[in-house]
Amino acid sequence: SVLWLRYILDAVEHFRDLKLERTRDIFNAALHSAMSDADRAPRSAQSAALYLGLIFSQFAEFELNYGADRRALRVYARACDCVQLTEAEQCAFFKLRIVLAARLEGLVGTRAIFEKAIAQLRSPQHVLSIAAEFGHIEASLGELQRARAVMKHAA
């Protein structure tokens, strides 16, 4: 909720890189609370999903600024698997995760993420968006057969 977001912003500003574990605990508590709210009150699930997206975004930004990039990658992975988020938000988190994974592991390291996104997302618009990026990356790696297979699967 709004109180958790305010608490998170204050904690990050106050602790910065001094108490990483305490700040992570606050983020995890906020995520747990928002997920519980989304499960309990279906009418307010949309607003809970909005707060969840914001909390995941702030958590990943915190890890990128003060923690470790690999932890930010795990935060993005949690966001991608969060069923309370809308598919559009999940797609956006998949894209953020892909960008960070490419930076940390190289383009080849993004394959598993692309494959999971294509398998998990249901909207043709989101699947095509992810598949087009995947196909482009495979082509840039010289893997034309794989690029064709990805595009054929998405079609």
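We now turn to the structure provided with this report. (Residues numbered from 1 in each chain as written. Predicted model: local features only at pLDDT ≥ 70, side-chain atom pairs only at ≥ 80, totals over all residues. Heavy atoms only, no water.)

Side note on a nonpolar patch on the surface
A contiguous nonpolar surface patch, about 220 Å² in accessible area, is contributed by L107, V108 and L141. With respect to the helices, strands and loops of the structure, L107 is situated in the loop between α5 (87-105) and α6 (111-120). (Patch = residues over 30% accessible without salt bridge, like charges linked within 9 Å, V, L, I, M, F, W, Y side chains within 5 Å. Areas by Shrake-Rupley, 256 points an atom, 1.4 Å probe, with all protein chains shown as cover. Salt bridge = Lys/Arg side-chain N within 4 Å of Asp/Glu carboxyl O. Helix = DSSP H or I, 4+ residues; strand = E, 2+ residues; numbered from the N terminus.)

Overview of the environment of D37
The residue D37 is located in helix α2 (residues 20-40) in this model. Linking D37 and V75, residues 38 residues apart in sequence, is a C-alpha distance of 20 Å.

Examining the side chain of R24
Checked against the element boundaries, R24 lands in helix α2. Here E21 takes part through its side chain, which lies 2.7 Å from a polar atom of the side chain of R24. Residues in contact with R24, not counting those within four places in the same chain, are F59, F62, E63, G67, A68 and R71. (Polar contact = N/O pair within 3.5 Å; in protein donor to acceptor, adjacent residues only side chain to side chain. Contact = heavy atoms within 4.5 Å.)

Section: the packing of helix α1 (residues 2-15) against α2
Here α1 crosses α2 at 170°, and the two axes come no closer than 10 Å. On the basis of their axis angle, the class for α1 and α2 is roughly antiparallel. Each of W4, Y7, I8, A11, V12 and F15 in α1 lies in contact with α2, whose residues at this interface are R22, T23, I26, F27, A29, A30 and S33. Per-class residue counts for the contact of α1 with α2 are ten nonpolar, two polar and one charged. (Axes fitted to C-alpha atoms, helices over the stretch in contact; angles between N-to-C directions. Parallel < 35°, antiparallel > 145°, perpendicular 65-115°, else oblique. Nonpolar A, V, L, I, M, F, W, Y, C, P; charged D, E, K, R; others polar.)

Overview of the packing of aromatic side chains
What describes a pair of aromatic rings is the distance from one ring centre to the other and the angle between the planes of the rings. What the rule picks out here adds up to seven aromatic pairs. Ring geometry for W4 versus Y7: centroids 6.0 Å apart, planes at 55°, classification tilted. Of this pair, W4 and Y7 both sit in helix α1, three residues apart, roughly one helical turn. One aromatic cluster is present, built from ring pairs that chain together F27, F59, F62 and Y66. (Phe/Tyr/Trp six-rings, centres within 6.5 Å; stacked < 30°, edge-to-face > 60°.)

A short note on the nonpolar core
Generally speaking, soluble globular proteins have nonpolar side chains that are buried together. With 42 residues, the main nonpolar core has I55, F56 and I130 as its most contacted residues. Put simply, the parts of the chain that give this core at least two residues each are α1, α2, α3 (45-66), α4 (69-81), α5, α6, α7 (124-140) and α8 (144-154). Leave out the neighbours within four places in its chain, and I55 touches L5, I8, F27, A30, L31 and A34. (Core = buried A, V, L, I, M, F, W, Y, C linked by side-chain atoms within 4.5 Å. Buried < 20%, exposed > 50% of the residue type's maximum accessible area, 1.4 Å probe, protein only.)

Shape descriptors only; they carry no functional weight alone.
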